[in-house]
Amino acid sequence: MPSLSSSSMLLHRSQRLARAWPQSSAPSARFPTTCRAFCSSKPLASSPPSSEPATPLASATPPLKPSAPMKVLLHSCCAPCSGAMVEKMASDGHKVTIFFYNPNIQPRKEYEIRKQENIRYAERLGIPIVDADYDVENWMARTKGMEFDPERGRRCSVCFDMRMEVTAQYAHDHNFDCFTTTNATSRWKDTQQVNKSGLQAAAKFGFRPYYWVYDWQTDEMTARKYRINAEQRFYKQEYCGCTYSLRDSNLWRKQQGIAPVKIGGEEAGLGTRYYEDAEADAAEESQEVVDSFFSSAEQHFHNASVYNGRMRQDVPAGETQEELLRAKNNW
Ligand code: SF4
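Residues numbered from 1 in each chain as written. Predicted model: local features only at pLDDT ≥ 70, side-chain atom pairs only at ≥ 80, totals over all residues. Heavy atoms only, no water.

Attention now goes to the site of the ligand. All residues in the neighbourhood of the ligand are listed as Asn104, Trp139, Glu151, Arg155, Cys156, Cys159, Phe160, Cys240, Cys242 and Ser245. If you tally residues by element for the shell around the ligand, the top one is helix H4 (residues 154-173), at 4 residues. Residue composition of the shell around the ligand, grouped by class: 6 nonpolar, 2 polar and 2 charged. (Near = heavy atom within 4 Å. Helix = DSSP H or I, 4+ residues; strand = E, 2+ residues; numbered from the N terminus. Nonpolar A, V, L, I, M, F, W, Y, C, P; charged D, E, K, R; others polar.)

Here the focus is the packing of aromatic side chains. Scanning the entire structure with this criterion turns up 10 aromatic pairs. Taking 5.3 Å as the distance between ring centres and 85° as the angle between the ring planes, the aromatic pair formed by Tyr121 and Phe234 counts as edge-to-face. Pair noted here: Tyr121 is in helix H2 (residues 108-125) and Phe234 is in the loop between helix H6 (219-232) and helix H7 (243-256), with a separation of 113 residues, a long-range link. There is no split in this pair, since Tyr121 and Phe234 are both buried. A centroid spacing of 4.4 Å and a plane angle of 55° characterise the contact between Tyr214 and Trp216, whose relative ring orientation is tilted. (Phe/Tyr/Trp six-rings, centres within 6.5 Å; stacked < 30°, edge-to-face > 60°. Buried < 20%, exposed > 50% of the residue type's maximum accessible area, 1.4 Å probe, protein only.)

With that out of the way, let us pick up the packing of H4 against helix H5 (residues 191-203). At a closest axis distance of 8 Å, the pairing of H4 and H5 adopts a crossing angle of 40°. Here H4 is positioned oblique relative to H5, judged by the angle of their axes. The crossing of H4 and H5 is right-handed. Within the contact between the two elements, H4 uses Cys156, Ser157, Phe160, Asp161, Met164, Glu165 and Ala168 and H5 uses Gln193, Val194, Ser197, Gly198, Gln200 and Ala201. In terms of residue class, the contact of H4 with H5 is built from 6 nonpolar, 5 polar and 2 charged. (Axes fitted to C-alpha atoms, helices over the stretch in contact; angles between N-to-C directions. Parallel < 35°, antiparallel > 145°, perpendicular 65-115°, else oblique. Left-handed = near helix turned anticlockwise from the far one by under 90°. Contact = heavy atoms within 4.5 Å.)

Before going further, it helps to spend a moment on the confidence of the model for the protein. Atom-level detail of predicted coordinates should not be read off regions where pLDDT is low. Taken as a whole, the protein shows an average pLDDT of 76; of its residues, 66% reach a score of 70 or greater. Low pLDDT, under 50, characterises residues 4-63; the predicted model gives this stretch 246 contacts beyond four residues in sequence or across chains. (pLDDT = per-residue confidence, 0-100.)

Within the element layout of this structure, Gln237 appears in the loop between H6 and H7. Take Gln237: its relative accessible area is 2%, and that puts it in the buried class.

With that settled, consider the side chain of Arg163. Position of Arg163 relative to the elements: it lies in helix H4. In this structure Arg163 touches His75, Cys77, Tyr101, Asn102, Pro103, Asn104 and Asn183, once residues within four positions along its chain are discounted.

As a further point, take the pattern of salt bridges. Counted under the stated rule, the structure contains 15 salt bridges. Taking the shortest distance from any N to any O, the salt bridge between Arg120 and Glu117 comes out at 3.0 Å. Pair noted here: Arg120 and Glu117 are both in helix H2, with a separation of 3 residues, about one helical turn. Arg120 sits in the partly exposed class, given a relative accessible area of 34%. With a shortest N-O distance of 3.3 Å, Lys236 and Glu284 are connected by a salt bridge. One end of the pair, Lys236, is in the loop between H6 and H7; the other, Glu284, is in the loop between helix H8 (278-283) and helix H9 (287-295), with 48 residues separating them in the sequence. The exposure classification of Lys236 matches that of Glu284, with both residues buried. (Salt bridge = Lys/Arg side-chain N within 4 Å of Asp/Glu carboxyl O.)

This is the structure we're talking about:
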């Protein structure tokens, strides 16, 4: 059964920006991605994985006009991605509960670190957090056959689907008005892919609760995210979460002559172990860093096709070829 802890309440303030790495060669401390989370509930039966990457959201998306106060279940992948979102929701008068369900985070040591960071933050804010099951066997079963799929491809759709399904079930069973996820805050993620999973999960319950679609990646929100992360000195994870993303991260690092990812401890394999400087931390994930990595993708894996599925799907039409490629850059 899920465990729920609550406590006192308080909030913070923030900003962000960039610095440090020479932009042409700047390695990202967390190739290929960021993030992670926890909570409890019954493992879902292994349903067939989505066979497609992100597609445009259904036109049947219900109108979302959040009016305070709402009872919101926020699926959180990790503390660093939840800070600004929680603050925004709370300051707008919503009643937030954090839901930590992330069987995708492996190994267990990394999972526990990320979970404890999220619990620490929730308790500091005085908001409830639900600690869900770590049903990693189910996650492995559902992603079987996709071990070498690129990030943002089919495996990630299955990964989001699974976490959104469990979150939606809990939200439905506990009378939440809506749910959403911190995965929507990361610039490494395809927002449309994330939201598609959330909407599909909500549809299974007739959109009661509904999935809250919102632009959580504005400059203001992103700046706030890094500021809070530095203020809280959160643990800085160095890969997305699953064992396959850890493998790919270390492969890329080896090719770059960079030390492998370190799980736990006081020193990271690359960069700082903890968030401590909002501008420097943001710089590690700046568009230049992302573009630099993506532009040399072929020499990393000697197979450019690996990256095709990692392109963003949610870019506006009508851009020049160069602008479109940059906008679609998923790295
Ligand atoms: S890289 Fe792994 S942990 Fe990250 S979203 Fe994709 S499947 Fe999930």
